[in-house]
Amino acid sequence: MAEEDEKEVDMIDRKVQQELREKYSPDGSLLRRGQLRMLDILKAVDNICRAHDIPYWLSSGTLLGAVRHGGFIPWDDDLDIEMLRDDYLRLLPLLREELPEQYMLHDRSTDKDYPHLYAKVRDKHSCIEESFAFEMKHKGCFIDIFPLERSPYALYRIANRLYVNLCHHKVYKHRWLYNFNYAVLTRVVFPLFRGYVSLFHKGSNYHHTFGMIYKAERCVADIFPLVEIPFEDSIFYAPKSAHSYLSRMFGDYMQLPKEIAVHGNIKWIDTPL
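Residues numbered from 1 in each chain as written. Predicted model: local features only at pLDDT ≥ 70, side-chain atom pairs only at ≥ 80, totals over all residues. Heavy atoms only, no water.

1. Concerning the pattern of salt bridges
Applying the stated criterion across every chain yields a total of 15 salt bridges. Between Arg 175 and Asp 113 there is a salt bridge; the shortest N-O distance is 3.0 Å. Note that Arg 175 is positioned in helix α8 (residues 175-200) and Asp 113 in the loop between β3 (103-106) and β4 (119-123), a separation of 62 residues in sequence. You can call Arg 175 partly exposed: its relative accessible area is 31%. (Salt bridge = Lys/Arg side-chain N within 4 Å of Asp/Glu carboxyl O. Helix = DSSP H or I, 4+ residues; strand = E, 2+ residues; numbered from the N terminus. Buried < 20%, exposed > 50% of the residue type's maximum accessible area, 1.4 Å probe, protein only.)

2. Thoughts on the environment of Ile 143
Positionally, Ile 143 belongs in strand β6 (residues 142-150). The exposure class assigned to Ile 143 is buried, which follows from its relative accessible area of 0%. Sequence spacing of Ile 143 and Val 45 is 98 residues, and the spatial spacing of their C-alpha atoms is 9.5 Å. Filtering out sequence-adjacent residues up to four positions away, Ile 143 remains in contact with Met 38, Ile 41, Leu 42, Val 45, Leu 79, Ala 119, Lys 120 and Val 121. (Contact = heavy atoms within 4.5 Å.)

3. A look at the packing of aromatic side chains
Within this structure, the stated rule accounts for 12 aromatic pairs. Between Phe 193 and Phe 210, the ring centres sit 5.6 Å apart and the planes meet at 70 degrees, which makes this aromatic pair edge-to-face. Within this pair, whereas Phe 193 is found in helix α8, its partner Phe 210 is found in the loop between β7 (206-208) and α9 (220-223), the two being separated by 17 residues in sequence. Phe 193 gets classed as buried once you look at its relative accessible area, which sits at 15%. Residue classification places Phe 210 among the buried residues on the basis of a relative accessible area of 1%. (Phe/Tyr/Trp six-rings, centres within 6.5 Å; stacked < 30°, edge-to-face > 60°.)

4. Structural notes on the pairing of β4
Burial runs high along β4: five of the five residues are buried. Every second residue of β4 is oriented toward a common face, with Ala 119, Val 121 and Asp 123 on one face and Lys 120 and Arg 122 on the other, all of them buried. Bridge count for β4 against β6 is four bridges, and the pairing is antiparallel. From the neighbouring strand, Ala 119 faces β6, where its bridge partner is Ile 145. (Pairing = 2+ DSSP bridges.)

5. A closer look at the nonpolar core
Residues Val 45, Leu 58, Leu 63, Leu 95 and Val 121 are the most contacted members of the largest nonpolar core, which totals 52 residues. When residues of this core are assigned to their parent elements, the largest contribution, eight residues, is made by helix α3 (residues 30-51). By size, the runner-up hydrophobic cluster in this structure holds 21 residues, among which are Phe 146, Ala 159, Tyr 163 and Phe 210. (Core = buried A, V, L, I, M, F, W, Y, C linked by side-chain atoms within 4.5 Å.)

6. Section: the environment of Gln 35
Here Gln 35 shows up in helix α3. For Gln 35, a relative accessible area of 0% translates into the label buried. Separated by 106 residues in the primary sequence, Gln 35 and Cys 141 place their C-alpha atoms 9.2 Å from one another. Here Ile 73 takes part through its backbone oxygen, which lies 3.5 Å from a polar atom of the side chain of Gln 35. (Polar contact = N/O pair within 3.5 Å; in protein donor to acceptor, adjacent residues only side chain to side chain.)

7. Notes on the packing of helix α6 (residues 153-166) against α8
Packed helices, taken two at a time, are described by the angle their axes make and the gap between the axes. With their axes 10 Å apart at the nearest point, α6 and α8 run at an angle of 175 degrees to one another. As judged from the angle between their axes, α6 and α8 are roughly antiparallel. Touching Leu 155, Ile 158, Ala 159, Leu 162, Tyr 163 and Leu 166 of α6 are Tyr 178, Asn 181, Tyr 182, Leu 185, Val 189, Phe 190, Phe 193, Tyr 196 and Val 197, all from α8. (Axes fitted to C-alpha atoms, helices over the stretch in contact; angles between N-to-C directions. Parallel < 35°, antiparallel > 145°, perpendicular 65-115°, else oblique.)

8. Structural notes on α6
Taking 1.5 Å as the rise per residue, α6 with 14 residues should run 20 Å; its terminal C-alpha atoms sit 20 Å apart, in good agreement. Taken together, the buried positions of α6 are Leu 155, Tyr 156, Ala 159, Asn 160 and Tyr 163. Projected down its long axis, α6 carries its buried residues within an arc of 145 degrees, all on one side. (Expected span 1.5 Å × (residues − 1). Arc of directions from axis to C-beta.)

9. Details of the confidence of the model for the protein
Summary statistics for the protein give a mean pLDDT of 89 and a share of 90% for residues scoring 70 or more. Here residues 1-9 is a poorly scored stretch, pLDDT under 50, and it has 12 contacts once near neighbours within four places are set aside; other chains count. (pLDDT = per-residue confidence, 0-100.)

10. Brief notes about helix α5 (residues 85-98)
Spanning 14 residues, α5 covers 20 Å between terminal C-alpha atoms, matching the ideal 20 Å at 1.5 Å per step. Within α5, the axis deviates most sharply at Leu 91, by approximately 25 degrees, and proline Pro 93 lies no more than four positions further along. Next to the buried residues of α5 lie α3, β2 (80-84), β3, β4 and β6. (Bend = angle between axes of the 7 residues up to and from the residue.)

The structure is reproduced here in structure tokens:
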């Protein structure tokens, strides 16, 4: 095994990992129960993706957790996967039709006031509170599915600013204005941007879909062909070079942070298993 490959599968010391788990997400705690609930959702999505040959991969802190901790970062309260936008559009109707009864797709097709440009898959039999400026219709714990598409950074930033300025939380309070702005951006402006990209942009790297706020570019050479990686008690897809992917995003990702801050965006209320 090459030296870089060995680095990719190295995890922190098992004793340190256990100490972190006991401190932040001990067995039976609400956070740990929530993590296991999210893991079950991921397994259901993974089954559908594999059945229909739809590529996805663990991303961001979820991938970092897989590489450094063998599962969730002990203090992490979310789970993220990514895929290319074309695959994302193929997946959405399949999720509506094939998810097990206890789960649901949460996007604009199931909630006309859904505020995000990416989808969530939620568990119907749990309840959380999210500290955002708008009230979610559905409150089950969830995983996030982020679509990626080709775009030059400057155009991506313009799309970002348009969405932030026209669909921010103050506008969201006026639902008619928010829905009007959302429709103009997603049905007119962003399709025009995509037309420009298809005609004139020759780059092969990707950002999150137009309108998202995340700046980090994804390098195709780091991602494909996908590989499989252990996460908790299962195997899921991951970028070809998790080391390069994580280094671009986090720098020295194997170094534990000196000060650990739980996300704090989610308050677990009830996560029955």
